[in-house]
Every structure is written in structure tokens, then in C-alpha cells.
Amino acid sequence: MSDETAQIADMVLDYARRRMMSTDNPLDKPFSPAELTRLASGSIGEEGIGARRALALFENVLAPSCITTDHPQYLSFIPSAPTKAATAFDLVVSATAVYGGSWLEGSGAVFAENEVLRFLAREFGLPESAGGVFVQGGTIGNLSALVAAREHRARQLEAAGRPRPARWVIVCGAEAHSSIVSAARVMDVDVAVVPVGDSGMLRGDAVEPALLEHGDAVIAVVATAGSTNFGIVDDIASIAALKDAHDFWLHVDGAYGLAAMLAPSARHRFAGVERADSAIVDPHKWLFAPFDACALLYRDPHHGRLAHTQHAEYLDTLTETADWNPSDYAVQLTRRSRGLPMWFSLATFGASVYREAIEASIELARRIADEIERRPGLRLVRQPQLSVVVFERDGWEAADYAAWSDRLLDNQHAFVVPSSHTGRVNTRFAIVNPRTTFEQLTAILDTMD
Ligand SMILES: *Cc1c(COP(=O)(O)O)cnc(C)c1O
């Protein structure tokens with residue numbers, strides 16, 4: 001048993017090491033269900049197939065049918081670019097079997113995660129008392145924050161003797177991420193979508209009428225700090241300024257873009273975040289951590305606790321203490337210490353390396369945007385604010401973009417998918433990987449001739 005276990009561990013760690021250190025891993029591409037059925041079915045049965053065969057199946061069939069999201073020419077959606085330090089440490093999170101839900105069980109891990117959350121809170125200008133938890137992703141982060149916001153509003157109304165509204169309302173801009181609508185559906189509340197105008201930025205003067213119209217029913221105003229499609233940062237300062245005259249919860253969805261607050265050249269775009277009641281950022285997007293991690297921060301963590309602490313007799317020993325239990329701050333109970341890979345990487349390299357890496361992607365986005373403007377036949381849809389560059393090819397229809405995108409992936413050259421804006425098809429480069437170069441991007445543009 002122990003010999004075999006050691007062999008399995010060696011085999012798996014050796015594979016993980018090879019894969020992690022390889023710099024020429026192909027992009028790979030999805031296989032069809034029929035292909036995978038033919039190549040990979042039958043591994044699960046009463047008798048095991050053994051680690052050697054199972055690992056070979058993964059290495060030769062299953063892994064090559066998964067796109068390499070940290071490939072420098074993966075430029076779709078929002079890519080991932082974990083440091084090797086963070087990826088390696090992710091193995092440690094599993095190896096130590098830390099339970100990250102409670103202080104009682106995981107105090108050291110919770111402490112380290114909280115160090116990272118405190119670092120982020122400082123970067124965002126939130127008070128020292130701010131705190132929260134790492135959750136699975138921005139979708140759960142947004143949902144958890146909005147549930148806390150509703151709980152807060154409901155308690156406020158009750159304390160003031162005012163009636164609960166027939167329907168609750170979340171106010172957000174037209175460019176808000178789909179997860180806000182998804183959260184509203186889960187919560188069974190309405191969404192008031194506020195127009196954003198040509199700039200794509202949500203502004204306070206557009207939000208105010210919604211506050212006046214919906215009054216007590218407003219759970220929160222959601223500002224987007226870096227829209228997923230364009231990387232546009234809402235005018236958060238003007239939205240936050242409404243707090244002087246109106247009482248509302250400001251939630252900042254910065255899943256992708258809030259990381260850019262670490263970059264000196266972009267920091268000014270986020271003015272107003274310091275007045276947020278809650279905010280999220282995904283380290284698995286632009287803070288160089290592996291999937292999956294979203295940092296959820298509350299200005300006053302007490303509100304998170306009121307909404308999310310689970311009560312059960314078998315949990316009494318946890319809930320009847322003053323300990324900091326991460327499970328109390330989001331829709332979850334058992335949790336992986338998913339903030340630890342970022343903690344290890346940030347502790348190892350220091351924040352300035354992060355600032356430089358984020359700055360470099362912003363700079364590269366500007367450079368390739370200039371190049372696109374220079375090239376006949378290409379049109380920049382808008383100037384990039386952060387690291388997303390959206391552009392069109394003259395004369396191309398949806399089918400042309402689709403065929404081009406398929407060809408790029410078939411050739412294992414790049415993963416760039418079509419997108420669209422106001423009904424017009426376009427394509428975009430989302431740049432978060434420090435290994436992505438200007439030359440790689442121009443070579444992709446060359447394929448559009
Ligand atoms: C990606 C993204 C989300 C969702 O985050 P997941 O980690 O994919 O759940 C939410 N909001 C914005 C602005 C995003 O870019």
C-alpha cells in the first residue's frame with residue numbers, strides 16, 4: 001500500500017511538474033463527445049485501471065482536449081496567467097488538506113488569506129476594518145455581496161418601521177456582467193438597467209433617477225470596474241458621490257479590471273472605489289492565481305456575517321465564538337483555502353512585480369491598439385482603458401470571423417473568438433499574460449489580410 005501510494009504520488013507530481021514548467025505547451029482544442037467516447041470511455045468500473053493507465057489517459061487524451069488557458073496566445077474571454085509559484089502552491093493547498101471554512105480548523109491558512117484580503121482592501125482605499133473571503137468566482141462573489149446588501153436594507157427598513165417593498169431592485173449599468181442578472185434571478189429580485197451612453201461608462205447622473213424611482217426597494221447600485229467586453233471602468237466617483245444625498249449600498253464588480261488599481265497608470269480610473277460597501281476582484285483573472293478564486297470584500301464585514309452565517313446545532317461551536325470564520329461571508333460552508341496560492345506568490349515576489357506585470361499588459365494593449373488603427377482594413381471599436389482591445393475587420397460578416405477564429409485554433413496559432421457590440425460583430429484581444437508579446441499579436445493581425 002505505502003509503496004504503491006508513493007509511486008502514485010511521484011508519478012502525479014512528476015507529471016504536474018513537467019506540465020507546469022513546459023513553455024511550449026500547445027493551445028490544444030476541444031474534442032467532440034464522440035471522439036472522447038471513443039478514446040477515453042471505460043475508465044470507471046469495479047476494478048481500477050491503475051494510476052499509470054489513468055494518468056496516461058489524462059496526459060494523452062483528456063488534457064490535450066482542454067484549451068491551455070495560460071497560453072500567451074489565448075486572448076479570448078478573460079484568460080488566466082498564474083505564476084508558477086501560485087500554481088505549485090495550489091498543490092500544497094490540496095496536500096495539506098486544510099479546511100478553509102473556519103478559524104478553529106484552518107487558523108493559519110485563514111490568517112494568510114486575510115493578509116491578502118487586507119492588502120487588496122488597502123489598494124482599493126477601503127478602511128482597515130474591511131474584510132471578506134475568497135470564493136469560487138466573481139459570480140458567487142457578486143451574488144454573496146448582493147445578498148448581504150439586501151439583508152442590510154431589509155434590517156434597515158425594519159428598524160425604521162418602514163414596509164418592505166413588493167419587489168427588490170438591483171440598479172446596474174447596461175454593460176454590467178451577466179452574473180448580476182444571474183444573481184437577481186437566484187434572489188428573485190428585479191434589475192433596473194441604467195443606460196451608459198456612448199462612453200460605455202455608467203455615471204452618477206444616470207443612476208440618480210433610478211434611486212429616486214425605486215427608493216427603499218434598491219438593494220444596491222452595482223458599478224463595473226472594468227467591463228468584461230471592453231474593459232471600461234464606470235465613473236465610480238460620480239456614483240459614489242450620490243451617497244451624500246441618498247442612502248444605498250455601492251457594490252463594485254471588479255472581477256477582471258479592479259486588479260488594474262495596482263498599476264500606477266490606471267489607478268486614477270478607479271476613484272470612488274474607496275466608498276464601496278462591497279467589492280470583488282478575481283485573482284484567477286488578472287492577479288496571477290490559478291482557478292478558481294474571487295476576493296470578496298465588505299467595507300463592514302458584519303453585514304456579510306448577518307446574511308451568510310449558517311446556523312445548525314452541529315455548528316454551534318463555530319458560530320458561538322468571535323472567531324473569524326470565512327464561511328460566514330458568502331454563500332458556502334465547506335471551502336478550499338483558495339486564497340493561499342495568491343498569498344504564496346505575492347509573499348514570494350512582492351507587490352511591485354504584480355504592479356509591473358499589470359502595467360505591462362495595459363501598455364501592450366495601447367501599443368496594439370495603435371497598430372490596429374494604423375493598419376488599413378482594421379478598425380478599433382474604442383480606445384482601450386485597460387487591457388481589452390476590441391476591433392473590426394472591414395467587410396467581414398459573422399461567418400468570416402467564425403471561420404478565421406476556427407482556423408487560428410485549428411492551426412494552434414491562437415485562441416481569439418468573435419464578439420459583438422450593439423449588433424455588430426467584432427473580435428477582441430484580452431491581455432493578462434506577461435508572456436504575450438507585441439509580435440505575437442501583430443502575427444495574428446497578419447492572418448486577417
Ligand atoms: C468574469 C467576470 C465576472 C464573473 O466571474 P467568474 O469568476 O467567471 O464567476 C463577473 N463580473 C465581471 C466584470 C467579470 O469580468
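Residues numbered from 1 in each chain as written. Predicted model: local features only at pLDDT ≥ 70, side-chain atom pairs only at ≥ 80, totals over all residues. Heavy atoms only, no water.

**Student:** Let's hear about the site of the ligand: which residues, and what values?
**Tutor:** The immediate surroundings of the ligand are formed by 14 residues, with Gly 138, Thr 139, Asp 253, Asp 282 and Lys 285 found nearest. Residue Thr 139 places a side-chain N or O atom 2.7 Å away from an oxygen atom belonging to the ligand. One of the side-chain nitrogen or oxygen atoms of His 284 is found 3.2 Å away from an oxygen atom of the ligand. Relative to its free-state accessible area of 380 Å², the ligand is covered by the protein chains to the extent of 87%. At the level of secondary structure, the elements contributing two or more residues to the shell around the ligand comprise helix 6 (138-159) and helix 10 (283-286). Ranked by residue count, the leading element in the shell around the ligand is helix 6, at three residues. (Near = heavy atom within 4 Å. Polar contact = N/O pair within 3.5 Å; in protein donor to acceptor, adjacent residues only side chain to side chain. Areas by Shrake-Rupley, 256 points an atom, 1.4 Å probe, with all protein chains shown as cover. Helix = DSSP H or I, 4+ residues; strand = E, 2+ residues; numbered from the N terminus.)

**Student:** Quick rundown of the domain arrangement of the chain? Include the residues and the values.
**Tutor:** We note that the domain assignment places domain 1 (3-67), domain 2 (91-349) and domain 3 (352-446) within the chain. The gap between the C-alpha centroids of domain 2 and domain 3 is 29 Å. Each partner contributes residues to the interface: domain 2 has 33 residues there, and domain 3 has 23 residues. Counting the surface lost from both domain 2 and domain 3, the interface buries some 2,300 Å², and carbon and sulfur atoms represent 58% of this. A per-residue breakdown of the area domain 2 buries against domain 3 is headed by Phe 230, Trp 286 and Phe 288, which together make up 30% of the total. At the boundary of domain 2 with domain 3, the tally comes to one salt bridge. The salt bridge partner of Arg 355 is Glu 123, with a shortest N-O separation of 2.8 Å. Our count for the contact surface shared by domain 2 and domain 3 stands at 14 residue pairs in polar contact (both at pLDDT 80 or more). Broken down by element, the side of domain 2 that touches domain 3 gets its largest block of residues, four residues, from helix 13 (residues 340-349). Of the residues assigned to the side of domain 2 that touches domain 3, the class counts are 19 nonpolar, nine polar and five charged. (Domains from an automatic or database assignment. Contact = heavy atoms within 4.5 Å. Buried area = accessible area lost by both parts, 1.4 Å probe. Salt bridge = Lys/Arg side-chain N within 4 Å of Asp/Glu carboxyl O. Nonpolar A, V, L, I, M, F, W, Y, C, P; charged D, E, K, R; others polar.)

**Student:** Got a sec to walk through helix 13? Specific residues and values, please.
**Tutor:** Considered for burial, the residues of helix 13 that qualify are Leu 340, Pro 341, Met 342, Ser 345 and Leu 346. If you follow the buried residues of helix 13, they end up packed against helix 4 (84-95), helix 5 (103-123), helix 10 and helix 14 (351-374). Phi for Gly 350, located one or two positions after helix 13, is positive at around 85°. (Buried < 20%, exposed > 50% of the residue type's maximum accessible area, 1.4 Å probe, protein only.)

**Student:** Help me get a handle on helix 11 (residues 301-308), residues and values and all.
**Tutor:** Looking only at helix 11, the buried set comprises Pro 301, His 303, Gly 304 and His 308. The buried side chains of helix 11 occupy one side of the element, clustering within an arc of 155° when seen end-on. Tucked into the core, helix 11 has its buried residues touching strand 1 (131-135), helix 6 and strand 7 (294-298). (Arc of directions from axis to C-beta.)

**Student:** Give a description of the sheet that holds strand 3 (residues 190-194) that names residues and reports values.
**Tutor:** Read across the open sheet, the seven strands follow the order 1-7-6-5-4-2-3; overall the sheet is mixed. On the outer flanks of this sheet lie strand 1 and strand 3, each paired with one strand and no other. Within the sheet, the average angular offset between the axes of one strand and its neighbour, ignoring direction, is 20°. In the sheet, strand 6 (residues 278-281) pairs with strand 7 via four bridges, with the strands oriented antiparallel. The residue bridging Ala 279 from the neighbouring strand is Leu 297, located in strand 7. Across the sheet, helix 8 (residues 204-214) is in contact with strand 2 (169-173), strand 3 and strand 4 (218-224); its angle to strand 4 comes to roughly 170°. (Pairing = 2+ DSSP bridges. Axes fitted to C-alpha atoms, helices over the stretch in contact; angles between N-to-C directions.)

**Student:** Outline the packing of helix 6 against helix 7 (residues 178-187), supporting the account with residue identities and numerical values.
**Tutor:** Working note: a packed helix pair is described by the angle between its axes plus the distance between those axes. The N-to-C vectors of helix 6 and helix 7 enclose an angle of 50°; their axes lie 9 Å apart at closest approach. With respect to their mutual orientation, helix 6 and helix 7 come out oblique. When the axes of helix 6 and helix 7 are compared, the crossing they make is right-handed. On helix 7, the residues that touch Thr 139, Asn 142, Leu 143, Leu 146, Val 147 and Arg 150 of helix 6 are Ser 179, Ile 180, Ser 182, Ala 183, Val 186 and Met 187. Grouping the constituent residues of the contact of helix 6 with helix 7 by class yields seven nonpolar, four polar and one charged. (Parallel < 35°, antiparallel > 145°, perpendicular 65-115°, else oblique. Left-handed = near helix turned anticlockwise from the far one by under 90°.)

**Student:** I'd like a description of unusual backbone geometry, backed by residues and values.
**Tutor:** Between Phe 291 and the following residue, Asp 292, the backbone shows a cis peptide bond with an omega angle of -10°. If you trace the backbone, Asp 292 turns up in the loop between helix 10 and strand 7. A positive phi angle, close to 50°, is found at Ala 97, a residue other than glycine. Position of Ala 97 among the secondary structure elements: in the loop between helix 4 and helix 5. The backbone phi angle of Thr 422 is positive, close to 40°, even though this residue is not glycine. Among the secondary structure elements, Thr 422 is positioned in the loop between strand 10 (418-421) and strand 11 (424-430).

**Student:** Break down the pattern of salt bridges for me, with residues and values.
**Tutor:** One pass over the structure, following the stated rule, counts 23 salt bridges. Its salt-bridge partner being Arg 155, residue Glu 151 comes within 2.8 Å of it at the nearest N-O pair. Here Glu 151 pairs with Arg 155, and both are found in helix 6, just four residues apart, close to one helical turn. By relative accessible area, which is 40% here, Arg 155 ends up partly exposed.

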